[in-house]
Amino acid sequence: MTTPADHTATHEPDVVEFFTDPEFVRDPYGAWARVREQGPVVKGRFVDGSTIWFITRHEEVRSVLNDPRFANNSTSVPGVEENERVAIMRHFGIPEEYIPYIADSILDSDGADHTRLRKLVSRAFTVRRVNELRPRVEEITDRLLDELPDTAENGVVDLIEHFTYPLPITVISEMVGVPEEDRPLWRKWSHGLISMEPEAMGNAMRDMVDHINQMIEQRRSAPSDDLIDAMIQVQDEDGTKLSDVELATMILTLVIAGHETTAHLLGNGTVALLTHPDQLELLREDESRLPAAVHELMRWCGPVLATRPRFATEDVMVGETLIRQGERVQAMLVAANHDPRYFDSPERLDITRRPVTRGEQHVGFSHGAHYCLGAALARQEGEVAFGKLFRRYPELSLAVPEDELEWEQSPGMRRLARLPVRL
Ligand code: HEM
């Protein structure tokens, strides 16, 4: 066991540089399994060379994510005035006037601010509200599946382009109230934002924020029945509850968080089922297995590999490691979801795994106060999409060998650039 005193001494050679090491992109499961077996808290280096502590095991991941002493916003640390995300945005050359639109998001808020923002939108994402949407999700899915054959080139269809992206972006855009014709723009901005390329990020931020602000202006004079309106109404009733920047930031967050992730659950999950025909067969035999299957796919190949960094607001012991006030930790969901201390044979994809109860849970949607707001929606989209895709195209197969699939260079996400299949 590592003690605070010997940590630096024994772990220095093992500092993990996952942001730059291509092995973590090629095989995140294997790479993180090795890190996890070094210890529950492993020292890493952040892009700027500073220290970050990776939390690797299920128990410690849950405990850190449930611990209010770890904050999402660095300014919650006593004595820290600069929001680290602002510093990162500056580093990437994002124009100053657009930075608050990232820095003021629900994901970057703590305590009372976080509760206030979350309450504004949480009602729209409850299981009951999401269930009411199901017929519409089914309709959109059916339409996209109908259109798939028309998109084939030499008999090959790219499911990412024509199915896994359009489905969630259409669903979340309708909920939020983003016009149909704008959807390709969102796809482009979303790509720009996660590209880690300064110019693309800056351009995407500028275009997106300008566009949202124009949209809000138009909507103030022509209301309809969606989330944007609900939020505008809150503003009209009590201007202190939601600032203009917060309103635009919430729209931006919901649309980006609501589609980029789900698209890759659908992509990763489709590959997993196609490469595990026994599991696909189990699903086909009995579609009531769909909800459990989606949970298992989230565990086994969920698209979000890590939470955002959290900051220690005071000195905190995690297991036997001392995290000092102001230091960063990052919960490695991918490592926790394959932790053999918690899951039986975690490397095995098993859609009949014990139903998820309070006692056995993956952390693919995070845990604690920032637990994914859209989890019920994402799971439902997964159930509808996998159910209908494999029923509609029973002969579906990969059009390239599995080891030729193109995984994108994205340290925090497991995502495919393309998913070529034959129908
Ligand atoms: C937060 C994953 C779909 C909206 C999160 C977090 C994770 C996550 C890991 C927490 C990050 C952290 O703690 O640092 C996923 C995955 C999805 C998905 C894997 C799909 C498979 C969605 C959808 C929406 C959404 C469909 C639509 C509204 C949000 C929001 C937050 C969030 C608003 C911030 C919550 C807060 O800070 O309180 N998601 N998400 N997500 N997600 Fe999702």
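See above for the structure.
From a predicted model like this one, the values you see are computed outputs, not experimental measurements.

Scoring rules and cut-offs
- Residues numbered from 1 in each chain as written.
- Predicted model: local features only at pLDDT ≥ 70, side-chain atom pairs only at ≥ 80, totals over all residues.
- Heavy atoms only, no water.
- Helix = DSSP H or I, 4+ residues; strand = E, 2+ residues; numbered from the N terminus.
- Buried < 20%, exposed > 50% of the residue type's maximum accessible area, 1.4 Å probe, protein only.
- Lys, Arg positive; Asp, Glu negative; His and termini not counted.
- Salt bridge = Lys/Arg side-chain N within 4 Å of Asp/Glu carboxyl O.
- Polar contact = N/O pair within 3.5 Å; in protein donor to acceptor, adjacent residues only side chain to side chain.
- Contact = heavy atoms within 4.5 Å.
- Near = heavy atom within 4 Å.
- Nonpolar A, V, L, I, M, F, W, Y, C, P; charged D, E, K, R; others polar.
- Expected span 1.5 Å × (residues − 1).
- Pairing = 2+ DSSP bridges.
- Phe/Tyr/Trp six-rings, centres within 6.5 Å; stacked < 30°, edge-to-face > 60°.
- Lys NZ or Arg CZ within 6 Å of the ring centre and 35° of its normal.

Caption draft 1: Region of interest: the side chain of Arg-414. Along the chain, Arg-414 turns up in the loop between β9 (397-398) and β10 (420-422). There is no salt bridge for the buried Arg-414, and the closest opposite charge comes from Asp-27, which lies 6.1 Å off by N-O distance. Among the polar contacts listed, one links the side chain of Arg-414 to the backbone oxygen of Val-25, at a separation of 3.1 Å. Ignoring sequence-local partners within four residues, the contact set of Arg-414 consists of Val-25, Arg-26, Pro-28, Tyr-29, His-264, Asn-268, Gly-302, Pro-303, Leu-305 and Trp-407.

Caption draft 2: Main features of the site of the ligand. Among the 28 residues in the neighbourhood of the ligand, the closest are listed as His-114, Arg-118, Arg-310, His-370 and Cys-372. In this structure, an oxygen atom belonging to the ligand sits 2.7 Å away from a side-chain N or O atom of Arg-310. Secondary-structure elements contributing two or more residues to the shell around the ligand are α7 (111-122) and α14 (244-274). Considering each element in turn, the shell around the ligand owes the most residues, six residues, to α14. Grouping the amino acids of the shell around the ligand by side-chain chemistry returns 16 nonpolar, nine polar and three charged.

Caption draft 3: Quick look at helix α16 (residues 290-301). For α16, built from twelve residues, the straight-helix expectation of 16 Å at 1.5 Å per residue is met to within 8% by its first-to-last C-alpha distance of 16 Å. The buried fraction of α16 is high, at ten of twelve residues. Close packing links the buried residues of α16 with α3 (28-38), α14, α15 (277-285) and α18 (375-392).

Caption draft 4: The arrangement of the sheet that holds β10 in detail. Pairing is antiparallel across the open sheet formed by three strands, whose spatial order is β4-β10-β9. Every interior strand has two partners, whereas the edge strands, β4 (157-158) and β9, have only one. Relative to β10, β4 is paired through two bridges, and the arrangement is antiparallel. Across the sheet, Val-157 pairs through a bridge with Val-421, a residue of β10.

Caption draft 5: Representation of unusual backbone geometry. Located in the positive-phi region is Asn-154, a residue other than glycine, with phi close to 50 degrees. Mapped onto the elements of the fold, Asn-154 is located in the loop between α8 (127-147) and β4. In this structure, Ser-345 is a non-glycine residue whose phi angle is positive, near 35 degrees. Tracing the sequence through the fold places Ser-345 in the loop between α17 (333-336) and α18.

Caption draft 6: A look at the sheet that holds strand β5 (residues 310-312). In space, the five strands of this open sheet follow the order β1-β2-β8-β5-β3, with mixed pairing throughout. Both edges of this open sheet fall to β1 (41-45) and β3 (70-71), since each of them pairs with a single strand only. Relative to strand β8 (residues 328-331), β5 runs antiparallel, the two being bridged by two bridges. Its bridge partner lying in β8, Arg-310 is registered against Val-329.

Caption draft 7: Representation of the pairing of β8. Residues of β8 alternate between two faces, with Arg-328 and Gln-330 on one and Val-329 and Ala-331 on the opposite face, all of them buried. In the sheet, strand β2 (residues 51-55) pairs with β8 via four bridges, with the strands oriented parallel. Within the sheet, the bridge partner assigned to Ile-55 lies in β8 and is Ala-331.

Caption draft 8: Structural view of the packing of aromatic side chains. For the structure on display, the rule yields five aromatic pairs. Their ring planes at 70 degrees and their centres at 5.3 Å tell us that Trp-186 and Trp-189 sit as a pair that is edge-to-face. Residue Trp-186 and its partner Trp-189 are located together in helix α11 (residues 183-193), separated by three residues, close to a single helical turn. Accessibility classification places Trp-186 together with Trp-189 in one group, the buried group. Ring pairs connect the aromatic residues Phe-24, Trp-32 and Phe-54, which therefore count as one cluster. The ring of Phe-343 has Arg-299 lying over it, and the distance from NZ or CZ to the ring centre is 5.1 Å. Over the aromatic face of Trp-407 sits the side chain of Arg-414, whose NZ or CZ is 3.6 Å from the ring centroid.

In short, geometric facts, not functional conclusions.
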